[in-house]
Each structure stands twice: as structure tokens, then as C-alpha cells.
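Here is what each chain is made of, one letter per residue.
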Amino acid sequence: MKQTILWGIVGATMLVSSCRTHYQLTGIRRTRILVDSRYDAQPDAKAVAFVAPYKQQVDSIMSPVVGKIDHYMAARRPESDLSNLLADILVWGGKAYAERPDFGVYNMGGIRAAFAKGSVTYGDVLDVAPFENKISFLTLTGQQVLQLFREMARSGGEGVSHGVRLLIGRDGTLKSASLNGQPVDPQGRYRVVTLDYLAQGNDGLTAFKDKADFVSPQNEQSNVRYIIINYFREQAAAGRTVNAQVEGRITKE
């Protein structure tokens, strides 16, 4: 036993000593390389040749226009035109599943890009909604809805659909909440549409963990990006440009 321990100590010592190096870190320097249109003037021939076989295929997927948008839209707390739009699109998407949600919730953290004014492509939607999130429907009691709104207040605001009105205090507490002009009934039951990621209680929205009557279609077309695309296409077919505004859904004192 003693011999085994001795050889173990010797082996460890040799391992440590073998990792030593005569090199020493004397300093750290860094720089930022701006990649912009300047590189388009004199493209690297080898890089262009390498990308060429893939470019046409990628462009054929990403370039088709799905609709138009009225103005530049980006997400920001406590409320933004883009987060309003996406939450409203979730509610709109309920009709394909025979659902009539009372309100929708779209997390700010799930919005990863902005929409520029003008034509919107498939690639633009993919930039805004890059994750494999599926549309989901669930039921909360009024008490649970109030808990959900308190959790939103602590985060500084999330995307909520038309009809929701929340007032957040300076200390991050929920001061008031209403749905379609009416106070939330603690004893009531409310149908909510959101992303499956949020429905599991992620991003601090733990009220969703106590959900009931949960419906979460898992086919590819239930991915939120396809629902956004279908909305844009429907609006385009009707000759409408997509629009959304900040309207006081979530305000701070």
C-alpha cells in the first residue's frame, strides 16, 4: 500500500513538472477589426471561391420577400413597437389552432434583431426569431396572471399583446394591471399564448410553471418564425404594410 502511494506521488510530481514551460505572459494587447463594405471593393479571391457553391443555395432560402413593414422596429423595455407586434402576432396565430387567447407574451430576450423599414425577407424574420420556439397555449388563474405580471415588472417589461395595461413602480413592483380595460379577476381563468420556452417558466416567468390545459404543437410549422412569416404574407396579400406602435401597454412611474 505504501509503495502504491509513493509511486502515485512520484507520478503526480512528474506530471506537474512536465507541464512547466519557459514561456511567460508579459502582456496582453487587443484590437477590434471592423468588417464592413470596404472589404467588398477588393474581396479575397480564395474566400469568394470557397463561399460561391453555398451562396446561391443560402440566398434562395433567405432572400424571398414575405411582406413589408412601415418603419424601423427594435425591441426595448419596458415596451416597444417590435415587442408589441410579435406579441400581437402570437394572438393572431391562435386562429390556426382554434384558440382565442386573452393575451399573448413574447420575451424581450427572444427578440434578437430589428426590422428595417421596407421589404421583409425570410432571412430578416430568422434574424429576429432565430430559435426553435413553438407557439404554445395555456390557462392561468387570475392570481397566477397577477404573479406573471409582477414577474414582468421585476424584469422591466416583456412583450405583451394589445389590451394589456401594466404600471411598474420605480422599485420594479407592479402598481396596477388590467386586461381589456378591466381589472384582473383573481378568481378568473385566462387563456394565454406564448413560446414553449417561456411556458416552462424560463426567463424568470415562473408563474407559467403552474399552467393548466397546456397545448404546444411540435410540428415544424408551429415554430414562431413561420407564424410571423404567415402573418406578414397575409398582410401582404391584403395589400397592407405591417405596422405597430408603442401605445402604453407597459409604463413606468
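Whatever comes next refers back to the structure up there.
Residues numbered from 1 in each chain as written. Predicted model: local features only at pLDDT ≥ 70, side-chain atom pairs only at ≥ 80, totals over all residues. Heavy atoms only, no water.

Draft legend 1. Representation of the packing of aromatic side chains in the model. Enumeration according to the criterion identifies six aromatic pairs in this entry. With a centroid separation of 6.4 Å and 85 degrees between ring planes, the pair formed by Tyr231 and Phe232 is classed as edge-to-face. Of the aromatic side chains, those joined through ring pairs into one cluster are Trp92, Phe115, Tyr231 and Phe232. For Lys211, the ring lying beneath its charged end belongs to Phe214, and the centroid distance is 5.0 Å. (Phe/Tyr/Trp six-rings, centres within 6.5 Å; stacked < 30°, edge-to-face > 60°. Lys NZ or Arg CZ within 6 Å of the ring centre and 35° of its normal.)

Draft legend 2. Representation of the nonpolar core within the structure. Counting residues in each nonpolar core, the largest one holds 32 residues, and the members touching the most others are Leu85, Tyr106, Ile228 and Phe232. Counting only elements with at least two residues in this core, the list comes to strand S1 (65-69), helix H4 (81-93), helix H5 (122-128), strand S4 (135-141), strand S9 (189-195) and helix H8 (224-237). Every residue in contact with Tyr106, bar those within four places of it in the chain, is listed here: Leu86, Ala87, Leu90, Ile111, Ala129, Glu158, Gly159, Leu195, Leu198, Val224 and Ile228. By size, the runner-up hydrophobic cluster in this structure holds 25 residues, among which are Leu138, Leu148, Ala153 and Leu205. (Core = buried A, V, L, I, M, F, W, Y, C linked by side-chain atoms within 4.5 Å. Buried < 20%, exposed > 50% of the residue type's maximum accessible area, 1.4 Å probe, protein only. Helix = DSSP H or I, 4+ residues; strand = E, 2+ residues; numbered from the N terminus. Contact = heavy atoms within 4.5 Å.)

Draft legend 3. Structural view of the environment of Phe149. Among the structural elements, Phe149 can be located in helix H6 (residues 142-155). When its relative accessible area of 0% is taken as the criterion, Phe149 is described as buried. Taking the C-alpha atoms as reference points, Phe149 and Ile61, 88 residues apart in sequence, are found 38 Å from one another. If we skip the residues at most four places from it in the chain, Phe149 touches Phe103, Val164, Leu166, Leu174, Ala177, Leu179 and Val184.

Draft legend 4. Seen up close, the sheet that holds strand S11 (residues 250-252). With mixed pairing, the four strands of this open sheet are ordered in space as S8-S7-S6-S11. Every interior strand has two partners, whereas the edge strands, strand S8 (182-183) and S11, have only one. Sheet topology note: the strand S6 (residues 164-168)/S11 ladder contains three bridges and is parallel. Of the residues in S11, the one forming a bridge with Leu167 is Thr251. Packing of H6 onto the sheet brings it into contact with S6 and strand S7 (174-179), and relative to S7 it is tilted by some 130 degrees. (Pairing = 2+ DSSP bridges. Axes fitted to C-alpha atoms, helices over the stretch in contact; angles between N-to-C directions.)

Draft legend 5. How the structure looks around the pairing of S6. Alternating positions in S6 separate cleanly, Val164, Leu166 and Ile168 being buried on one face and Arg165 and Leu167 remaining unburied on the opposite face. With five bridges joining them, S6 and S7 adopt antiparallel strand pairing. In the strand pairing of S7, Leu166 is matched with Ala177.

Draft legend 6. The arrangement of the sheet that holds S9 in detail. Taking strand neighbours across the sheet as the criterion, the five strands line up as S5-S2-S9-S4-S10 in an open arrangement whose pairing is mixed. With one partner strand each, in any of the chains shown, strand S5 (159-160) and strand S10 (212-215) form the two edges of the open sheet. The pairing of strand S2 (residues 103-106) with S5 spans two bridges and is classified as antiparallel. Bridging from a neighbouring strand, Val105 pairs with Val160 of S5. Together, S2, S4, S5 and S9 form the strand contacts of H4, whose direction differs from that of S2 by roughly 130 degrees.

Draft legend 7. Quick look at the pattern of salt bridges. If you walk through the whole model with that rule in mind, you get seven salt bridges. For Asp213, the salt bridge identified is with Arg189, shortest N-O distance 3.3 Å. Pair noted here: Asp213 is in strand S10 and Arg189 is in strand S9, with a separation of 24 residues, a long-range link. With a relative accessible area of 48%, Asp213 lands in the partly exposed category. Overall, Arg189 belongs to the exposed group, its relative accessible area being 53%. Taken together, the salt bridges that share partners define one network made up of Asp88, Glu247 and Arg249. (Salt bridge = Lys/Arg side-chain N within 4 Å of Asp/Glu carboxyl O.)

Draft legend 8. Here's a closer look at helix H3 (residues 45-62). Compared with an ideal rise of 1.5 Å per residue, which puts 18 residues at 26 Å, H3 spans 24 Å between its outermost C-alpha atoms and is within 8% of the ideal. For H3, the principal kink sits at Ala52 and spans about 50 degrees; a proline, Pro53, occurs within the next four residues. Of the residues flanking the start of H3, the one acting as N-cap is Asp44, its side-chain oxygen 3.1 Å from the backbone nitrogen of Lys46. (Expected span 1.5 Å × (residues − 1). Bend = angle between axes of the 7 residues up to and from the residue. Polar contact = N/O pair within 3.5 Å; in protein donor to acceptor, adjacent residues only side chain to side chain.)

Draft legend 9. Inspection of the pairing of S9 at higher detail. Buried residues dominate S9, accounting for six of its seven residues. The sheet contact formed by S2 and S9 spans two bridges and is parallel. Counterpart to Gly104 in the pairing with S9 is Val193. Where S4 and S9 come together, seven bridges link them in antiparallel fashion. Across the sheet, Ser136 pairs through a bridge with Thr194, a residue of S9.

Distances and angles like these do not, on their own, reveal function.
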